[in-house]
Amino acid sequence: MGSSDDTSAVESHRGAFGDFGGEERAFIDRTFRERIVLVGVTLPSGSPEETDAALDELTALVDTAGADVVARVVQRRDAPDPATFIGKGKTTEVRSESDSHDADTVVFDDELSPAQQANLDKLLGRTAIDRTAVILDIFAQNAHSQEGKAQVELALLQYRLPRLKGSKRFSQQGGGIGTRGPGETQLEVDRRRIERRIHKLQAQLRNVQGHRRTQSKQRRRTANRGVSIVGYTNAGKSTLLNSLTDAGVLTENRLFATLEAATRQLQLPGGEKVFLTDTVGFVKKLPHQLVQAFRTTLDVVVDADLLVHVVDASAADPQSQIDAVRAVLHEIGAETVPELIVFNKIDLADAPETLLRHHEGSQAVSALTGEGLEDLLNTIGDRLAVMNAVVDVIVPFGRGDVIAELHRSGQVLSETATPTGMQYRARLDQFSLGRLREFVIEESIVPAEGQAPGRSHVTSVDGAAT
Ligand SMILES: Nc1nc2c(ncn2[C@@H]2O[C@H](COP(=O)(O)OP(=O)(O)OP(=O)(O)O)[C@@H](O)[C@H]2O)c(=O)[nH]1
Ligand SMILES: [Mg+2]
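The notes below deal with the structure included here.

Rules used throughout
Residues numbered from 1 in each chain as written. Chains lettered and ligands numbered in written order. Predicted model: local features only at pLDDT ≥ 70, side-chain atom pairs only at ≥ 80, totals over all residues. Helix = DSSP H or I, 4+ residues; strand = E, 2+ residues; numbered from the N terminus. Contact = placed C-beta atoms within 7 Å. Pairing = 2+ DSSP bridges. Axes fitted to C-alpha atoms, helices over the stretch in contact; angles between N-to-C directions. Near = placed C-beta within 6 Å. Nonpolar A, V, L, I, M, F, W, Y, C, P; charged D, E, K, R; others polar. Parallel < 35°, antiparallel > 145°, perpendicular 65-115°, else oblique. Left-handed = near helix turned anticlockwise from the far one by under 90°. Buried ≥ 20, exposed ≤ 12 C-beta atoms within 10 Å, placed from the backbone. Right-handed = clockwise from strand over helix to strand, strands pointing away. Expected span 1.5 Å × (residues − 1). Arc of directions from axis to C-beta. Core = buried A, V, L, I, M, F, W, Y, C linked by C-beta atoms within 7 Å. Domains from an automatic or database assignment.

### As for the overall build of the chain
The helix and strand tally for the chain stands at 15 helices and 14 strands. Look at the contacts in the chain between residues 6 or more apart in sequence, and 66% of them connect residues 24 or more apart.

The structure is reproduced here in structure tokens:
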């Protein structure tokens, strides 16, 4: 399958991908169901069980992309091989496994460098791609709006640019006397064409971003606060938005069903109206190019007053999904937005109590059956309404966990170093206040900007420094 003549080498991946401007092709051919072999590597930082779980997830990703996994190969290594990622000997095994299953493509769970990918194409005798390419492929299939398509195309091109393969052919347009030397190679022409397109897309998306910012400023003027639903893909974010607001957003038992943000107004039990936004889901090893390309869509998360972090309580390892989501939140600069963890699908989960115990202040719901939704609305109201206790805390050096907690559940207003630790002034809700009580040196109730004063009593505080 992986022929290596010059013409096909320029486009390193096959695929029939008509719907993306006609120019960008998918990594996985969908004119038939491709047969796929997966390869996972366990490095010393991981365990074989983690590799297995990662390959289970990759199987679901491949299935979503429209192909079938027919075999998997795993290897333990101290470090990736710079030339072939897995060991040379292992490539022989992968090749014979692929031959015996008549596989079309080999998918690696980890990101391959352009050089590794090229070497593996040759050694395996078929296309080698990585998890990143599969995710990009799914995004490309699911992008429908103009903005979504532009974002995905940008990510695809950025992924593809360093992977363009050289061709010895000279370009028709570039060659000739009086131009530059012996003329441009086809590779140079392709590269320049892609670079131009990248710049154009970036400019387009910046435009959209400016527009968004204006909208969100206007929104702020109405004093309605923003709540963003975030979470792992397929956790039930869109289902939650729908059951809280009749939004009518598409929900599907498939990964990355939502790529566009949808915002609806929601009235909380206390009467306050907020904007509730559902947006694109996250996944482990979410390609960096995609996160960057989706910045405009994710701005709403960064600007939110509260994040409702939806977790699928019935997933095999909910905690690892929470970690993955938090890593992306960090990457987009939303790690300081207060977060409310909501365990969803409790109608399917075996032991939600354990999860709830591990995450104090979290809630359990079923967005499908409606269980727990009333409580959730109350909690969202409380978290927003009482986020008006301003406290001074001193966190001893070395308590990074407390600092992270402070950022996650409150709003840090200032920080200073003191001889005993870092001193923070922060706005906290009652719940987080309770948890961080031991570090509090001063506390007062100050209504948040643009908010009616809630509880107006002033509590004075616990003795540590007074
Ligand atoms: N049993 C059960 N299924 C649920 C629940 N909430 C959502 N689902 C199902 O889970 C699947 C995914 O739901 P979505 O709302 O599309 O998930 P999402 O988080 O928006 O997913 P992406 O947009 O793809 O990231 C759908 O098949 C839903 O019907 C729940 O509380 N219980
Ligand atoms: Mg969704």
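### Overview of the sheet that holds strand 9 (residues 339–344)
To summarise the sheet geometry, strands pair through backbone hydrogen bonds and adopt either a parallel or an antiparallel arrangement. Taken in spatial order, the 6 strands make up an open sheet running 6-7-5-8-9-10, and their pairing is mixed. The two strands at the open ends of the sheet, each matched to only one other strand, are strand 6 (262–267) and strand 10 (363–364). Across the sheet, helix 10 (residues 295–302) touches strand 5 (225–231), strand 7 (273–278) and strand 8 (306–312), and the angle it forms with strand 5 is around 120 degrees.

### Remarks on the sheet that holds strand 2 (residues 68–76)
What the 4 strands build is an open sheet, ordered 2-1-3-4; its pairing is parallel. Where the open sheet ends on each side, the last strands, each with one partner, are strand 2 and strand 4 (127–130). For this sheet, the mean angle separating the axes of adjacent strands, direction not counted, is 25 degrees. Sheet topology note: the strand 3 (residues 105–108)/strand 4 ladder contains 4 bridges and is parallel. Of the residues in strand 4, the one forming a bridge with Val106 is Ala128. Strands in contact with helix 2 (residues 48–65) are strand 1 (35–42), strand 2 and strand 3; relative to strand 1, the strand with the most contacts, it is inclined by about 155 degrees.

### Considerations on the site of ligand 1
Around ligand 1, 23 residues are found, and the nearest of them are Gly236, Ser238, Asn253, Thr258 and Gly281. Top element by residues in the shell around ligand 1 is helix 8 (residues 237–245). It accounts for 3 residues. Of the residues assigned to the shell around ligand 1, the class counts are 7 nonpolar, 12 polar and 4 charged.

### Description of the packing of helix 2 against helix 5 (residues 131–142)
Helix packing geometry: the angle between the two helix axes and the distance between the axes. Packing of helix 2 against helix 5 leaves a shortest axis separation of 9 Å and a crossing angle of 40 degrees. Between helix 2 and helix 5, the interaxial angle falls into the category oblique. Considering only the axes of helix 2 and helix 5, their crossing is left-handed. Facing Leu58, Leu61, Val62, Thr64 and Ala65 of helix 2, the residues of helix 5 in contact are Arg131, Val134, Ile135, Asp137 and Ile138.

### Focus: the pairing of strand 9
Taken across its 6 residues, strand 9 has 6 buried, putting it largely inside the fold. Side chains Glu339, Ile341 and Phe343 of strand 9 all project onto a buried face; the interleaved residues Leu340, Val342 and Asn344 project onto the opposite face, where all are buried too. Alignment of strand 8 against strand 9, held across 6 bridges, turns out to be parallel. Of the residues in strand 9, the one forming a bridge with Val310 is Val342. Read as a crossover between parallel neighbours, the route from strand 8 over helix 11 (residues 318–331) to strand 9 is right-handed. Examined bridge by bridge, strand 9 and strand 10 share 2 bridges and lie parallel to one another. Bridge assignment links Phe343 to a residue of strand 10, and that residue is Ala364.

### What to know about the packing of helix 3 (residues 88–100) against helix 4 (residues 114–124)
Relative orientation of the contacting elements helix 3 and helix 4 amounts to 55 degrees, with a least axis distance of 9 Å. One element, helix 3, and the other, helix 4, form an angle in the oblique class. Viewed along their axes, helix 3 and helix 4 form a crossing whose handedness is right-handed. Facing helix 3, whose interface residues are Thr91, Val94, Arg95 and Ser98, helix 4 presents Leu120, Leu123 and Leu124.

### Let's talk about helix 11
Its 14 residues give helix 11 an end-to-end C-alpha distance of 20 Å, which sits within 8% of 20 Å, the value for a rise of 1.5 Å per residue. Within helix 11, burial applies to Pro318, Gln321, Ile322, Val325, Val328 and Leu329. Each buried residue of helix 11 lies within a common arc of 125 degrees when the element is viewed along its axis, so the set occupies one face. More than 90 degrees from the buried face of helix 11, the exposed residues found are Gln319, Asp323 and His330. Residues of helix 11 that are buried in the fold lie against strand 5, helix 9 (288–293), strand 8 and helix 12 (352–358). Looking at the residues trailing helix 11, positive phi occurs at Gly333, about 85 degrees.

### Considering the nonpolar core
Formed by 94 residues in total, the largest nonpolar core has its most connected members in Val134 and Phe139. Sort the elements by how many residues they give to this core and helix 5 lands first, with 7 residues. Both of domain 1 (6–142) and domain 3 (224–384) provide at least three residues apiece to this core. Phe139 has contacts with Val152, Phe256, Leu259 and Leu290, leaving out every residue within four places of it along the chain. With 11 residues, the next largest nonpolar core counts Val391, Leu433, Leu436 and Phe439 among its residues.

### As for unusual backbone geometry
As a rule of thumb, non-glycine residues mostly have phi less than zero, and peptide bonds are mostly trans rather than cis. With a phi close to 70 degrees, Asn234 is a non-glycine residue in the positive phi region. With respect to the secondary-structure elements, Asn234 resides in the loop between strand 5 and helix 8.

Any functional reading would require information beyond the geometric quantities listed.
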